[in-house]
Amino acid sequence: MSQSNEARAVGVIGLGAMGAGIAQSLRRGGCRVHAYDIRPGVAAAFAEQGGVACETLADMAAACDVVVSVVVNAQQTESVLFGEGGIATALRPGSVFVMCSTVDPAWSSALESRLAAQGIHYLDAPISGGAAKAAAGQMTMMTAGTADAYAACGPVLEAMAGKVYRLGDRAGAGSKVKIINQLLAGVHIAVAAEAMALGLREGVDAAALYEVIIHSAGNSWMFENRMAHVLAGDYTPLSAVDIFVKDLGLVLDTARHSRFPLPLASTAHQMFMQASAAGHGREDDSAVIKIFPGITLPESA
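Residues numbered from 1 in each chain as written. Predicted model: local features only at pLDDT ≥ 70, side-chain atom pairs only at ≥ 80, totals over all residues. Heavy atoms only, no water.

Caption draft 1: Fine view of the overall build of the protein. A count of helical and extended segments in the protein gives 12 helices and nine strands. Relative to its length of 301 residues, the protein is compact, with a C-alpha radius of gyration of 20 Å against a globular reference of 19 Å. Each of the three principal axes of the protein carries a C-alpha extent, and together these read 60 × 45 × 35 Å. Here the protein, with 301 residues, has 49% of them falling under the buried criterion. (Helix = DSSP H or I, 4+ residues; strand = E, 2+ residues; numbered from the N terminus. Rg over C-alpha atoms; globule rule 2.2 N^0.38 Å. Buried < 20%, exposed > 50% of the residue type's maximum accessible area, 1.4 Å probe, protein only.)

Caption draft 2: Highlighting helix α1 (residues 17-28). Under the 1.5 Å per step criterion, the end-to-end length of α1 is 17 Å for 12 residues, consistent within 8% with the ideal 16 Å. For α1, the set of buried residues is Met18, Gly19, Gly21, Ile22, Ala23, Gln24, Ser25 and Leu26. (Expected span 1.5 Å × (residues − 1).)

Caption draft 3: Geometry of the packing of helix α9 (residues 206-214) against helix α10 (residues 221-232). Two numbers describe how α9 lies on α10: the axes approach to 11 Å, and their chain directions differ by 170°. As judged from the angle between their axes, α9 and α10 are roughly antiparallel. Along its contact with α9, which presents Ala206, Ala207, Tyr210, Ile213 and Ile214, the element α10 presents Phe223, Glu224, Met227, Ala228 and Leu231. (Axes fitted to C-alpha atoms, helices over the stretch in contact; angles between N-to-C directions. Parallel < 35°, antiparallel > 145°, perpendicular 65-115°, else oblique. Contact = heavy atoms within 4.5 Å.)

Caption draft 4: Layout of the pairing of strand β2 (residues 32-36). Most of β2 is tucked away: four of the five residues are buried. Bridge analysis of strand β1 (residues 9-13) against β2 gives five bridges, and the strand direction is parallel. Opposite Val12, over in β2, you have Ala35 as the bridge partner. In this fold, the crossover linking β1 to β2 by way of α1 has right-handed handedness. The pairing of β2 with strand β3 (residues 52-53) spans two bridges and is parallel. Its bridge partner lying in β3, Ala35 is registered against Ala53. At this point the chain moves from β2, through helix α2 (residues 42-47), to the parallel β3, and the crossover so formed is right-handed. (Pairing = 2+ DSSP bridges. Right-handed = clockwise from strand over helix to strand, strands pointing away.)

Caption draft 5: Examining the packing of aromatic side chains more closely. Tallied over the full model, the rule gives two aromatic pairs. With centroids separated by 5.4 Å and ring planes inclined at 25°, the aromatic side chains of Phe244 and Phe272 adopt a geometry described as stacked. Highlighted residues: Phe244 in helix α11 (residues 241-257) and Phe272 in helix α12 (residues 263-280), separated in sequence by 28 residues. Side by side, Phe244 and Phe272 carry an identical accessibility label, which is buried. Its guanidinium or amino end placed over the ring of Tyr235, Lys290 lies 4.1 Å from that ring's centre, counting from NZ or CZ. (Phe/Tyr/Trp six-rings, centres within 6.5 Å; stacked < 30°, edge-to-face > 60°. Lys NZ or Arg CZ within 6 Å of the ring centre and 35° of its normal.)

Caption draft 6: A look at the side chain of His229. Tracing the chain through its elements places His229 in helix α10. Look at His229 and you get buried, because its relative accessible area is 16%. Here the side chain of His229 touches Asp284 through a polar contact of 2.9 Å, side chain to side chain. Here His229 is in contact with Asp234, Leu238, Asp284 and Ser286, once residues within four sequence places are set aside. (Polar contact = N/O pair within 3.5 Å; in protein donor to acceptor, adjacent residues only side chain to side chain.)

Caption draft 7: Seen up close, the pattern of salt bridges. Counted by the stated rule, this structure contains eight salt bridges. Salt-bridge contacts for Arg256 lead to Asp253; the nearest nitrogen and oxygen are separated by 2.7 Å. In this pair, Arg256 and Asp253 both sit in helix α11, three residues apart, roughly one turn of the helix. Judged by relative accessible area, which is 53%, Arg256 ranks as exposed. (Salt bridge = Lys/Arg side-chain N within 4 Å of Asp/Glu carboxyl O.)

Caption draft 8: The arrangement of a nonpolar patch on the surface in detail. Taken together, Tyr165, Leu167 and Val177 make up a surface patch of nonpolar side chains, about 240 Å² in accessible area. Checked against the element boundaries, Val177 lands in helix α8 (residues 173-201). (Patch = residues over 30% accessible without salt bridge, like charges linked within 9 Å, V, L, I, M, F, W, Y side chains within 5 Å. Areas by Shrake-Rupley, 256 points an atom, 1.4 Å probe, with all protein chains shown as cover.)

Caption draft 9: Just the packing of α1 against helix α7 (residues 147-160), in detail. The interhelical angle for the contact between α1 and α7, taken along N-to-C directions, is 115°, at an axis separation of 8 Å. Regarding the angle of α1 to α7, the classification is roughly perpendicular. Note that α1 runs across α7; the crossing there is right-handed. In contact with Ile22, Ser25 and Leu26 of α1, α7 contributes Val156, Ala159 and Met160. (Left-handed = near helix turned anticlockwise from the far one by under 90°.)

Caption draft 10: Region of the structure containing the pairing of strand β8 (residues 139-145). Counting buried positions along β8 gives six out of seven residues, so the element sits mostly inside the fold. With two bridges joining them, strand β6 (residues 121-124) and β8 adopt antiparallel strand pairing. Bridged to Asp124 within β8 is Ala144. Where strand β7 (residues 127-128) meets β8, two bridges bridge the pair, whose relative direction is antiparallel.

Given below as structure tokens:
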């Protein structure tokens with residue numbers, strides 16, 4: 001337990017796959033974690049495990065000087081901050097807002113200025129590693145912000161993550177690195193699905209193919225992780241198809257501003273778009289394999 005975090009009140013907005021793990025890691029790290037989630041009963045369930053449920057964002061602002069936002073996108077972040085009952089006007093000056101979503105880097109940079117005008121520190125802090133690493137306090141954070149923002153929340157970050165990369169003294173740099181990470185993650189999932197689909201079409205035993213690849217040079221973390229979902233026939237969303245529709249869209253938007261070609265990312269984006277259009281948008285992102293014709297996928301046990 002970090003001495004500097006002992007009994008420190010920290011807010012977590014959004015108790016999804018990553019947010020729930022973050023909240024638990026912070027609680028284990030000695031923080032008194034206040035949680036808010038728009039879904040009925042979610043924060044109350046966390047309170048039964050030792051946290052504090054906030055009925056409103058204003059309640060969180062009254063209790064916490066560090067607020068960690070783990071919502072889906074920039075639109076939801078805007079609502080959390082500036083929408084009806086938003087937290088921006090309720091946070092005390094000197095508080096810090098830690099933004100963990102994958103967003104347009106330019107938007108993140110502008111948000112820093114908007115919050116600074118209200119006396120609030122801002123940390124651009126996208127995350128990676130999946131739900132299991134978030135729950136273990138071992139995820140990766142790609143952060144950027146002012147020295148004052150880091151000073152306000154440094155020990156909190158250490159309780160949340162195994163690796164906290166400091167990538168710049170202005171917001172936006174963290175989001176740029178996360179965009180590049182998502183380019184690779186999306187392409188890796190798409191090509192993993194393509195490879196497994198070819199194997200199935202050719203009549204190769206799926207389990208045997210998986211075992212060979214994860215012990216060969218063609219392996220990737222995404223192949224090993226996501227194709228296990230396919231083998232199990234389990235498309236319960238840990239990260240959904242529509243997340244990569246969004247994230248690869250952000251990748252392409254970023255490159256478009258720089259007039260930089262991304263042929264592989266463009267193709268992967270179209271694959272996720274096709275899966276979403278076919279009705280698989282809310283399934284696990286490994287469901288991108290369902291776009292391939294003429295294959296029989298393993299069924300859940």
